Amino acid sequence: MRAVDIIQKKREGGELDRAELAFFIDGYVAGRIPEYQVSAWLMAVFLKGMSSVEAAALTDVMLHSGKVMDLSGITGPFVDKHSTGGVGDKVSLILAPMVAACGIKVPMMSGRALGHTGGTLDKLESIPGYRTGLSEADFRAFIEQDGFAMTGQTAEIVPADKKLYALRDVTATVESIPLITASILSKKVAEGAEALVFDVKSGPGAFMKTPERAEALARSLVSTGTAMGKRIVSVITDMTEPLGLKVGNFLEVEETLDCLENAGPEDLMEVTYRLGAWMLVAGGVAKTVEEGERLCRKSIRTGIARELFMANVRRQGGQPERLLELRGNYRAKDSYEVLAPTGGFIQAIDAYKIGLAGVYLGVGRDTALDPVYPDVGFVLDKKTGAAVLAGERLATVYGKDAASLEAVKALVASAYAIGPGAPARRPLILKEISAI
Ligand code: URA
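Please read all numbers here as calculations on a predicted model, not as lab measurements.

Asks: Can you break down the overall build of the protein residue by residue, with the values?
Replies: For the protein, the helix and strand inventory stands at 17 helices and 13 strands. On the principal axes, the C-alpha backbone points of the protein span a range of 70 × 45 × 40 Å. Accessible area for the protein stands at about 16800 Å²; split by element, carbon and sulfur atoms hold 54% of it.

So this is what it looks like as C-alpha cells:
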C-alpha cells in the first residue's frame, strides 16, 4: 500500500476501506507518513466527503490509536452526552448527577474552553480543590460509587485526533462533517459509553452557524455512531443567545447549584431535561422521552441530583462547604454594569459576541496555553423578550482587569438589540434525530 494511492483514490471520490484508513492513520501517528501527504488527504476528504461506512471505519481506526476505557465489572448502562459547544452551556454539570440519580452511569470526559465557547473542565476547576485529571482507577471507582465522574481526556485517549486536529487547524479542513464526526465520536466512544446523546448547537454562538450545517452534523453523528454499534440520538438546539443567566467559570457552577435546587432558568432547564430524558431512553431506563423527563424532574425536585453533585465535588477533591461559602461572592473586583441605551424589548443577545468578549475577560482562551480565570464573566439580568426601560441594568460584567473591561465594552453593547414590540419566542429544541 502507498500513501499516494490512498490520497489519489480519495481525490477521485473513491471510498476508502478500513485497511487503507488504518495504513494511513496509523502511519501518520507513527511518523511514517509525512504531514504534507496527510494535508493533501485531509483536503481530499474535505472536498469529496465520506460515506457513513467510511466515516465509521475512520472513527474506529482513530479510536484504536489509543486507549479505550475499560468499564467492565461496573454495572451500566453507560450513557454520555456531548455538546458541540456553546455560550453559557453548563448543561453537563447539571445533567450528569441528574441522570445518575435515575440509574444511568455517566463516564464523562470533557474538554476545555477554546475560542468563544466555554469548557466543562475549566468550570469544574473553578471549584477550589476540584481535580479533573483523574487516574483510570479513580474514574472507574467514582462512576461506580456516585454514578458519574468528570475528567479530562488524557494523552492516551485518541492520540490520532490530537495530531489530525492540529493539522486540520492549519490546512483549512476543520469544517469537514466526516472529519468532525470521527473526531468527536472517537473520543466519546473511547470513554466507554454504550449510548450517546449529542447536543448539536445551531446558531451564531455555535460551531455550526446554520440549521443546515447543524443538521448535517447531527445526521452524520447518528449514522456513523450507529454504524459503530452505539445507540445514538442527536438533539439540535438553538445557540442564538447565551444559555441561562450566567456565563463564566465559577458563575456557571453557581447556576448549576440553582438548577440542582430546582430554581434554574427556564431555557437552561428545558434543554437539560430534554437531553437527560433522551439519555434515560438511550440507556433503557425510560420507554419514552416524556417518561424520561418526568424521572429527570423528580431527581431534581427531590434533591437527589444535588446530593450526588456534592458527593462528586468532595470525591474529586473539592470542598462543598467552601463552594457554598463562595456562592454569590466569588467575583473579580473589576466590573461594570451594562445599561439599556433605550427602552423597549430585548430582540436578541448575540451569543457569539458575548462568548468572544468572554475570551478577553478571562472566561475562555484563544490558544490552548492561555490561562482562564474562575471569577470573571457575565451575570445577565434579562434575556431576549424581556421589557426594559432606558438606563435599566441588562447585565454585570466581571473581568480579569480594568483593561479587559474597557476592551469589551463596545462589543458587549453591540451584542444587545433593543426594539419596540416583544419578539416571537424562538424554539430551543430545533430537531431530534434518533436511531434508537
Ligand atoms: N470538536 C471536536 O472534538 N472535533 C472537531 O473536529 C470539531 C469540534
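After that view, the rundown keeps rolling.
Asks: Tell me about the site of the ligand, residues and numbers included.
Replies: All residues adjacent to the ligand are Tyr-165, Arg-168, Ile-180, Ser-183, Ile-184, Lys-187 and Phe-207. A distance of 2.6 Å is found between a nitrogen atom of the ligand and a side-chain nitrogen or oxygen belonging to Ser-183. If the ligand stood free it would expose 240 Å²; the protein chains cover 83% of that surface. Judged by the fraction of its atoms near the pocket grid, the ligand is located in the largest pocket. Here the residues of the shell around the ligand sort into 4 nonpolar, 1 polar and 2 charged.

Asks: Please provide a residue-by-residue account of the sheet that holds strand β4 (residues 195-202), values included.
Replies: The strand order across the open sheet built from 4 strands is β1-β4-β5-β13, with neighbouring strands paired in mixed fashion. Here the strands that pair on one side only, and so sit at the sheet edges, are β1 (79-83) and β13 (429-434). Taking each pair of neighbouring strands and ignoring which way they run, the sheet shows an average axis angle of 15°. In terms of strand pairing, β1 meets β4 through 5 bridges, oriented parallel. By the bridge assignment for β4, Lys-81 is matched with Val-197. Sitting on the sheet, helix α9 (residues 177-190) touches β1, β4 and β5 (231-238), and the angle it makes with β4 is about 145°.

Asks: Outline the nonpolar core, supporting the account with residue identities and numerical values.
Replies: Core analysis: the biggest nonpolar cluster contains 75 residues, and Val-99, Leu-323, Phe-378, Val-412 and Tyr-416 have the highest contact counts within it. At 11 residues, the largest contribution of residues to this core is made by helix α12 (residues 266-282). Among the domains, domain 2 (79-323) and domain 3 (334-419) are the pair contributing at least three residues each to this core. Within the second largest apolar cluster, 58 residues are counted, among which are Ala-3, Ile-7, Ile-33 and Val-38.

Asks: Break down the packing of helix α2 (residues 18-29) against helix α4 (residues 52-63) for me, citing the residues and quoting the values.
Replies: Packing of α2 against α4 brings their axes to within 9 Å, and their N-to-C directions diverge by 40°. By the angle between their directions, the pair α2 and α4 is classed as oblique. Our pair here, α2 against α4, has a crossing hand that is right-handed. Between α2 and α4, the contacting residues are Arg-18, Leu-21, Ala-22, Ile-25 and Asp-26 on the first element and Glu-54, Ala-57, Leu-58, Asp-60, Val-61 and Met-62 on the second. In terms of residue class, the contact of α2 with α4 is built from 7 nonpolar, no polar and 4 charged.

Asks: Got a sec to walk through the pattern of salt bridges? Specific residues and values, please.
Replies: On inspection of all chains with the given rule, the structure shows 39 salt bridges. Across the salt bridge formed by Lys-201 and Asp-199, the nearest N and O atoms sit 2.8 Å from each other. You'll find Lys-201 and Asp-199 in the same group, each marked buried. Here the salt bridges do not stand alone but share partners, grouping Arg-112, Asp-122, Glu-125 and Arg-365 into one network.

Asks: So what's going on with the sheet that holds strand β9 (residues 377-380)? Which residues, and what values?
Replies: The 4 strands lie next to each other as β6-β9-β11-β7, forming an open sheet whose pairing is antiparallel. Two strands close off the open sheet at either side, each with one partner strand: β6 (246-248) and β7 (334-339). Pairwise comparison of adjacent strand axes, ignoring direction, gives a mean angle of 15° for this sheet. Taken together, the 4 bridges between β9 and strand β11 (residues 393-399) define a ladder with antiparallel strand orientation.

The rules behind the values
Residues numbered from 1 in each chain as written. Predicted model: local features only at pLDDT ≥ 70, side-chain atom pairs only at ≥ 80, totals over all residues. Heavy atoms only, no water. Helix = DSSP H or I, 4+ residues; strand = E, 2+ residues; numbered from the N terminus. Areas by Shrake-Rupley, 256 points an atom, 1.4 Å probe, with all protein chains shown as cover. Near = heavy atom within 4 Å. Polar contact = N/O pair within 3.5 Å; in protein donor to acceptor, adjacent residues only side chain to side chain. 1 Å grid on protein atoms, 1.4 Å probe; cavity = no way out; pocket = protein on both sides within 12 Å on 5 of 7 lines; lining within 4 Å. Sits in = over half its atoms within 2 Å of the grid points. Nonpolar A, V, L, I, M, F, W, Y, C, P; charged D, E, K, R; others polar. Pairing = 2+ DSSP bridges. Axes fitted to C-alpha atoms, helices over the stretch in contact; angles between N-to-C directions. Contact = heavy atoms within 4.5 Å. Core = buried A, V, L, I, M, F, W, Y, C linked by side-chain atoms within 4.5 Å. Buried < 20%, exposed > 50% of the residue type's maximum accessible area, 1.4 Å probe, protein only. Domains from an automatic or database assignment. Parallel < 35°, antiparallel > 145°, perpendicular 65-115°, else oblique. Left-handed = near helix turned anticlockwise from the far one by under 90°. Salt bridge = Lys/Arg side-chain N within 4 Å of Asp/Glu carboxyl O.

Fair warning: the whole summary comes from geometry, so function is off the table for now.
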